[in-house]
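What follows is the residue order along each chain.
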Amino acid sequence: MGSLGTIIGTWLAGFLTLAILSFLYKDNPFYKLAEHIYVGVSAGYWLIYVAFFDVKPMLWDTFVTETGAEKWIILIPGALGIIMLSRWFPKSAWLSRWPIAFTVGVGAGLGITANIQGYVMPQVAATILPVTGMNLVSLNNLVLMVGVVTTMLYFYFSKPQRGVLSWTAKIGIVFIMVSFGASFGYTLMARISLLIGRLYFILADLLHVIG
Amino acid sequence: MKRAVPLAITFLTGFFLVVSFFIPHEPFGELEQRLLIWFAIVSGFTMLLGVDNLVRAHVRRVTRRPAGWGHSVALIVGLVVTVVLGVIGFVRYGSPFHIQSPFMFLYTYSIIPLQATMFALLAFFIASASYRAFRARNTVATLLLVSAVIVMLGRVPIGSASSHVFPAAQEWIMNYPQLAAKRGIQIGAALGAVSMSLRILLGIERSYLS
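Note that the structure is a prediction, hence the values are computed from the model and not measured.

## Quick look at the overall build of chain A
When its secondary structure is counted, chain A shows seven helices and zero strands. Secondary structure elements in chain A, listed N-terminal to C-terminal, are α-α-α-α-α-α-α. A compact globule built from 211 residues should have a C-alpha radius of gyration of about 17 Å, whereas chain A, at 27 Å, is more than 25% larger. Structurally, chain A occupies a C-alpha span of about 65 × 65 × 35 Å along its principal axes.

## Things to note about the packing of helix H2 (residues 29-65) of chain A against helix H3 (residues 69-93) of chain B
Running from N to C, H2 of chain A and H3 of chain B point in directions that differ by 30°, and their axes come no closer than 7 Å. Of the possible angle classes, the one that applies to H2 of chain A and H3 of chain B is roughly parallel. Two packed elements cross with a definite hand, and for H2 of chain A against H3 of chain B that hand is right-handed. Here the contact of H2 of chain A with H3 of chain B is composed, by residue class, of 16 nonpolar, eight polar and two charged.

## Section: the interface of chain A and chain B
Every contact between the two is made by 110 residues of chain A and, on the other side, 109 residues of chain B. For the pairing of chain A and chain B, the buried interface totals around 10100 Å² over both sides, and the portion due to carbon and sulfur atoms is 84%. Our count for the contact surface shared by chain A and chain B stands at one salt bridge. Glu70 of chain A is the partner of Arg34 of chain B in a salt bridge, and the nearest nitrogen-oxygen pair spans 2.7 Å.

## What to know about the nonpolar core
Judged by nonpolar contacts, the single largest core of 30 residues is most densely connected at Ile20, Ala34 and Ile37 of chain A together with Phe97, Phe103 and Leu114 of chain B. Of all the secondary-structure elements, those providing two or more residues to this core are helix H1 (3-21), H2 and helix H7 (164-206) of chain A together with H3 and helix H4 (102-133) of chain B. The greatest single-element share of this core, amounting to 10 residues, is contributed by H4 of chain B. When near neighbours in sequence (up to four residues on either side) are disregarded, Phe97 of chain B contacts Tyr45, Ile48, Tyr49, Phe52 and Phe53 of chain A together with Phe103 and Met104 of chain B. Residues Ile74 and Ile100 of chain A together with Trp38 and Val42 of chain B belong to the second largest nonpolar core, which totals 27 residues.

## Quick notes on the environment of Ala136 of chain B
All names here are of chain B. Note on placement: Ala136 falls in the loop between H4 and helix H5 (139-154). Taking the C-alpha atoms as reference, Ala136 lies 52 Å from Leu35; in sequence the two are 101 residues apart. Excluding residues that lie within four positions of it along the chain, Ala136 makes contacts with Thr142 and Leu145.

## Brief notes about the domain arrangement of chain B
Reports often express the size of an interface as the amount of accessible area lost when the parts come together. All names here are of chain B. For chain B, the assigned domains read domain 1 (1-58) and domain 2 (65-132). Taking the mean C-alpha position of each, domain 1 and domain 2 sit 30 Å from one another. Contacts between the two partners involve four residues from domain 1 and, on the opposite side, four residues from domain 2. For the pair domain 1 and domain 2, the two sides together bury roughly 390 Å², of which 82% comes from carbon and sulfur. If you sort the residues of domain 1 by the area they bury against domain 2, Leu54, Val55 and His58 come out on top, with a joint share of 89%. Counting across the interface, domain 1 meets domain 2 through zero salt bridges.

## Quick notes on the environment of Ile74 of chain A
As for its placement among the helices and strands, Ile74 of chain A is situated in the loop between helix H3 (69-73) and helix H4 (75-84). For Ile74 of chain A, a relative accessible area of 8% gives the class buried. Note: C-alpha distance between Ile74 of chain A and Thr62 of chain A (12 residues apart in sequence) is 7.2 Å. If sequence neighbours within four positions are ignored, Ile74 of chain A has contacts with Met58, Leu59, Thr62 and Phe63 of chain A together with Ile37, Trp38 and Ile41 of chain B.

## Section: a nonpolar patch on the surface
Residue and element names in this part refer to chain B. Together, Phe11, Leu12, Phe15, Phe16, Leu198, Leu202 and Ile204 make up an exposed nonpolar region whose accessible area comes to about 640 Å². When residues in the nonpolar patch are grouped by element, the largest group, four residues, is from helix H1 (residues 4-22). Mapped onto the elements of the fold, Leu12 is located in helix H1. Take Leu12: its relative accessible area is 42%, and that puts it in the partly exposed class.

Calculation rules
Residues numbered from 1 in each chain as written. Chains lettered and ligands numbered in written order. Predicted model: local features only at pLDDT ≥ 70, side-chain atom pairs only at ≥ 80, totals over all residues. Heavy atoms only, no water. Helix = DSSP H or I, 4+ residues; strand = E, 2+ residues; numbered from the N terminus. Rg over C-alpha atoms; globule rule 2.2 N^0.38 Å. Axes fitted to C-alpha atoms, helices over the stretch in contact; angles between N-to-C directions. Parallel < 35°, antiparallel > 145°, perpendicular 65-115°, else oblique. Left-handed = near helix turned anticlockwise from the far one by under 90°. Nonpolar A, V, L, I, M, F, W, Y, C, P; charged D, E, K, R; others polar. Contact = heavy atoms within 4.5 Å. Buried area = accessible area lost by both parts, 1.4 Å probe. Salt bridge = Lys/Arg side-chain N within 4 Å of Asp/Glu carboxyl O. Core = buried A, V, L, I, M, F, W, Y, C linked by side-chain atoms within 4.5 Å. Buried < 20%, exposed > 50% of the residue type's maximum accessible area, 1.4 Å probe, protein only. Domains from an automatic or database assignment. Patch = residues over 30% accessible without salt bridge, like charges linked within 9 Å, V, L, I, M, F, W, Y side chains within 5 Å. Areas by Shrake-Rupley, 256 points an atom, 1.4 Å probe, with all protein chains shown as cover.

Structure below.
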């Protein structure tokens, strides 16, 4: 797109940005319009994205380029995908349970292996750290270990939280609140950074008020 | 047929994925990768169902003409224009994501600003929520307030200009207490996901069939 395209694009982006920001005044037709455009355009974008990066290379290109058994094996997920569309026809809608069952099965299988390999084991390994003497590193490592264990114990509801469990849960809530506060502050700063970006766009690119 | 076959498909798919994890040799070794590709293909088709649902709901609004039906027209037009530009980009440039494709023009000048502004708008609502939440009513609420303020001050120039303590304190909070609680929650959630996955594979949890 040439310079005219850039000008039109900048005005379009400017209109949509101001329309969304107009919600700060109150809910209004401009905001509603931009909101609906956002939903429609995003749905279209993801449809094209999935078609181009998933279905085309994995299904179509494999079918066209492969030879032998592979060429026909790849039709199995293609058939499952088409069966998924049987939801459009009430009489055969029950057939869509097959591809749904397949996706649930993959999700559940990965839910076991990926969670253990990707989350539990690495997180536990990264938590069990050396505490060697009275120094700052050891103290920090101790804080990390105590924090992880007490946070988990705070969410342990299989036994009434009395006695030792009550104390560990109380320490756990301290870590949880500090963590929530920090995450909250971090998220707020990220959003403000985005807001600065949009305001800069309006003042610099759209209105040329600042350089 | 209507319940037994899906339950069998779920069990076998999940079982083979778990087996391929523990036996990374032929014929199981390659199975995980193959099933993930199949998963991506089947999921791709579900996108059609989602878009179909969206379009049906808004076409219904356009035909019945309740208040604000014009917004539904904007949604449908936005969707159709995006898909058409994607197809044009594919035909003319070989990829909708080619830098000169009109699809990327739409992405740059509508999706990016809309997405960024939507999230930027949240800054105001988060700030408004923080005004209500950050009241030092008790010790734990005070901890929430103090840690949030330190993290915010430690990440902006005014914080480091006023005291070098803020950047160091926010770094320590993010690296130790914050990480510890996040890790504890993640481990708990992962263990919960494992147990839920087992329930699904064994057919105890069947709500996805309804």
